[in-house]
Amino acid sequence: MQDAVLAMLAKEPTHGYHLHARLRQSLGPLGESMNRGQIYVTLARLEKAGLVVCERADGLPERPERKVYALTPAGQQRVAAWLAEVGWPKPDLAEFHLKLAAARAARLADPVELVAAQRRELLRRLREAQRAALAEPPGSGAGLLLEGVVLRLQADLRWLDACERAWSKVEDDVEGG
């Protein structure tokens, strides 16, 4: 969650309420259960870690002052490292989806290129798992586990194919519109 919040701030400094709304919108129905307080706790931790700074901004008469959060140089470096990370498998697909949404929103990276980097990593891991599975004797417990790993990686690759199709369409719509 911290990295997704940082990436959302890369587009522009903003306040917690707006960050919460953007994250919920990016996650669709999965974001409906997101607690607004979680965003503020995350922002406080990021500020304490020196990754964001908080300033008071004039607001509307009914909301006199709001805290506006912005990335520090260390926060910008962490976002860049997060976007470049290709570790897999991650049990939280929502985090990867947020990475794509934040990268596009802040124009930090091409989501389709991020998907391609993940695909390369999954293909590498799939080859390793398949080689290891072939080396196992028939009927071994480890062979069954490796079969599960192979099936999971294949499913994740299919999901990445769907991500690529969706984000390619988004990019085509942006360029054409």
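Scoring rules and cut-offs
- Residues numbered from 1 in each chain as written.
- Predicted model: local features only at pLDDT ≥ 70, side-chain atom pairs only at ≥ 80, totals over all residues.
- Heavy atoms only, no water.
- Helix = DSSP H or I, 4+ residues; strand = E, 2+ residues; numbered from the N terminus.
- Contact = heavy atoms within 4.5 Å.
- Areas by Shrake-Rupley, 256 points an atom, 1.4 Å probe, with all protein chains shown as cover.
- Expected span 1.5 Å × (residues − 1).
- Buried < 20%, exposed > 50% of the residue type's maximum accessible area, 1.4 Å probe, protein only.
- Arc of directions from axis to C-beta.
- Axes fitted to C-alpha atoms, helices over the stretch in contact; angles between N-to-C directions.
- Parallel < 35°, antiparallel > 145°, perpendicular 65-115°, else oblique.
- Left-handed = near helix turned anticlockwise from the far one by under 90°.
- Nonpolar A, V, L, I, M, F, W, Y, C, P; charged D, E, K, R; others polar.

(A) View of the overall build of the protein chain. Counting secondary structure elements, the protein chain contains seven helices and two strands. Ordering the α and β elements of the protein chain from the N terminus gives α-α-α-β-β-α-α-α-α. Across the protein chain, contacts joining residues at least 24 apart in sequence account for 59% of those joining residues at least 6 apart. Taken as a whole, the protein chain presents about 10,300 Å² of accessible surface, with 54% of it coming from carbon and sulfur.

(B) Expanded view of helix H2 (residues 16-27). The end-to-end C-alpha distance of H2, which contains twelve residues, comes to 16 Å, matching closely the 16 Å that a straight helix rising 1.5 Å per residue would cover. Along H2, the residues classified as buried are Gly-16, Leu-19, His-20, Arg-22, Leu-23, Ser-26 and Leu-27. Within H2, the buried residues cover an arc of 165° as seen down the axis, which keeps them to one side.

(C) Examining the environment of Gln-77 more closely. One can find Gln-77 in helix H4 (residues 73-84). Among the residues examined, Gln-77 registers a relative accessible area of 59% and is labelled exposed. As a C-alpha pair, Gln-77 and Leu-51 span 26 residues in sequence and 9.0 Å in three-dimensional space.

(D) Representation of the packing of helix H1 (residues 2-11) against helix H5 (residues 93-105). Remark: H1 packs on H5, axes separated minimally by 8 Å, with the N-to-C direction vectors making an angle of 15°. In terms of axis orientation, H1 runs roughly parallel to H5. In the packing of H1 onto H5, the handedness of the crossing is left-handed. Of the residues in H5, those touching H1 at Ala-4, Ala-7, Met-8 and Lys-11 are Leu-98, Ala-102 and Ala-105. Its residues assigned to classes, the contact of H1 with H5 comprises six nonpolar, no polar and one charged.

(E) Geometry of H5. With 13 residues, H5 ought to run about 18 Å at 1.5 Å a step, and its terminal C-alpha atoms sit 18 Å apart, in line with that. All of the buried residues along H5 are Glu-95, Phe-96, Leu-98, Lys-99, Leu-100, Ala-101, Ala-102 and Ala-103. Just downstream of H5, Arg-107 is the residue with a positive phi angle, here 55°.

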